[in-house]
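Read off the chains here:
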Amino acid sequence: MALCLMSVGVFSWVPRPVLAKNAPAPLVQEVSPYDLIAMMNALRVGNGLAALIEDPIINAVAQATAQIMADTNATWHIGDAPGRIQAAGYGGGGKVYATENFAMGGNQTIDNIMVIWSDDDHMRPATGPYCNVGAGVATSSSGNTYYVLQAAYVSGKSCGSYTSSGTTNPVSGSTVDNNTGISLIVPVKVAEPDADGNLIHKVQYGQSLWLIAVAYKTTVQELRIWNNLPESYQLQVGDELVIPWEGAKGYQTPTPVGMIITSTPDAEGNITHVVEAYQTLEKIGFAYGVSIEKLLQLNDWDPTWPLQIGQKLIIKGKEVTPTPTLRPLTPIEQLTPATDGKYYHFVRSGQNAEWIAGLYGISSADLLFWNGLTSVSILYPGDRLLLQVTPPATATFTPEPPTETPIPPTPTETATLAATATAESVSAAKVKASVTLAPSPTATPVKSDPFTIGGVSFLWALPVLAAVIGGVELNQRRKRTK
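A brief report on the enclosed structure follows. Remember, it's a predicted structure, so these values are computed and weren't measured experimentally. Throughout, a residue's number is its position along its own chain's written sequence, starting from 1. Under the rules for a predicted model, residues below a pLDDT of 70 receive no local features and side-chain atom pairs below 80 are neither given nor counted, while totals for whole chains, interfaces and linings still include all residues. Note: side-chain values were computed over all heavy atoms of the structure, leaving out hydrogens and water.

What about the pattern of salt bridges?
Move 1: Here a salt bridge means any side-chain nitrogen of Lys or Arg lying within 4 Å of a carboxyl oxygen belonging to Asp or Glu. Tallying each qualifying case throughout the model produces two salt bridges.
Move 2: Two residues, Glu100 and Arg84, come together in a salt bridge whose shortest N-O distance is 3.1 Å. With Glu100 in strand E3 (residues 96–105) and Arg84 in helix H3 (residues 81–87), the pair connects residues that are 16 residues apart, well separated along the chain.
Move 3: Of the residues examined, Arg84 reaches a relative accessible area of 22% and is grouped as partly exposed.
Move 4: Asp121 is the salt-bridge partner of Arg124, the closest N and O atoms lying 3.3 Å from each other. Strands are runs of DSSP state E lasting at least 2 residues, helices are runs of H or I lasting at least 4, and numbering of each runs from the N terminus. Working definition: with a 1.4 Å probe on protein chains only, accessible area under 20% of the residue-type maximum means buried, over 50% means exposed, and in between means partly exposed.

What follows is the structure, given as structure tokens:
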């Protein structure tokens, strides 16, 4: 059963012509708004959904969005896509639901844009209930090109029943141009292998490498490799492309689209991953077990920047000890003394006494008392309030004094000291064995001294006392002789 994929052309533009067989290929094949719409519609049809119908109002809003982003070198959406589309007149006053995709970079290819838009959020136009589509492309002065695609629908309106001026038949929603009667849906029929097992696709009018790659479940890169097509080559009607498939000679099973084949560490243990088509940070991080935050940190990458095919991402680099994050100072720790050595708070707009007291962790009653205020006092911006507080001292690291490391003795000194110590120990043991210790003498009680009173000796007074007594006896003898 042949698989058919359809793409919707651009109603407000003439579809990009495919070169004739003998026409030279252009030097550069730029991605146009037509390519963006055709790409998304190819995915929708591949998902079994009806192709989006191009709308001139959405086209105008998408182009204006791309131009604004280019003029401002924007790195993210400018916001409120549904509101901007409705304000431009889409929906006829009804409730509008819309989604917006954007990509940016220099010399982007469809494959590159698919890498950026391969996650679920960016696939909403290909899988959601949208009816109309528009796209725009603009280049900034710095050389970056912005690609914008918007899809929308009107609440309560079935696809095709609502139309902005001239986009589709308001009755049936046909994608047939009412002026020419030519269908703008171009089928891509999958060919069958020939007798030699080769699968050859013959290019038809309106077909591109991207549409053909989707039909055969391969990538534009694989088609270029198998057919030796340079990046600058543009398909021509009647070109025959060799399609890579498992039955072809020399075929090697490619990595499934979007599947991550993890890289092995190098000699130093570092791991680097090369981005391929349809890979995102989420998918890469999941495959390696690394968080998106870690990938952004290792590669100094902003989450709003799109990945590029061939870009090298660091998965695991050299381990670096992170610098410890210092605790932020509290408001009271941030105070600096005034010239009088006191601390003050200068009132700002919207601040009151209760808020200021809470800021410094003090009571509002104390704050009012310190400044001679009451609960009904009014504070004005610029007022200076006294804070009778003492900010805590900031911890200062004091290094410990260096400790001297003892120098061990040389082997010769150690041996000499050991021998000397051993000889001394032996001599001491011999002396101890040959000497008999005498028993300790028994302590003799000390007799009391009659000439010591209160710890003071009066022995010196004996000669004086003897002289006095001798004098008395001499006087008595003289009296008896008379």
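Back to the text.
Details of the nonpolar core
Move 1: What makes a nonpolar core is a set of buried Ala, Val, Leu, Ile, Met, Phe, Trp, Tyr and Cys residues whose side-chain atoms join them at distances within 4.5 Å. Leu36, Met39, Trp117 and Trp210 are the most contacted members of the largest nonpolar core, which totals 42 residues.
Move 2: Listing elements by their share of this core, those giving two or more residues are helix H1 (33–46), helix H4 (110–116), strand E4 (132–139), strand E5 (145–154), helix H6 (209–215) and helix H7 (220–227).
Move 3: What makes two residues a contact is simply this: any of their non-hydrogen atoms within 4.5 Å. Beyond its immediate sequence surroundings of up to four residues, Trp117 is in contact with Leu36, Met39, Met40, Asn101, Phe102, Ala103, His122, Met123, Tyr147 and Leu149.
Move 4: If you look at the next biggest cluster of nonpolar residues, it comprises 16 residues, including Tyr343, Val347, Ala353 and Leu367.

Some remarks on the state of the cysteines
Move 1: The disulfide definition used here is simple: a pair of cysteine sulfur atoms within 2.5 Å. Counted according to the given criterion, the structure contains one disulfide.
Move 2: Residue pairing for Cys131: its cysteine sulfur links by disulfide to Cys159, the two sulfurs lying 1.9 Å apart. Taking the torsion about the S-S bond as the criterion, the Cys131 to Cys159 disulfide, at about -75 degrees, is left-handed. Of the two residues, Cys131 is situated in the loop between helix H5 (124–127) and E4 and Cys159 in the loop between E5 and strand E6 (188–189); the sequence distance between them amounts to 28 residues.
Move 3: With a relative accessible area of 8%, Cys131 lands in the buried category.

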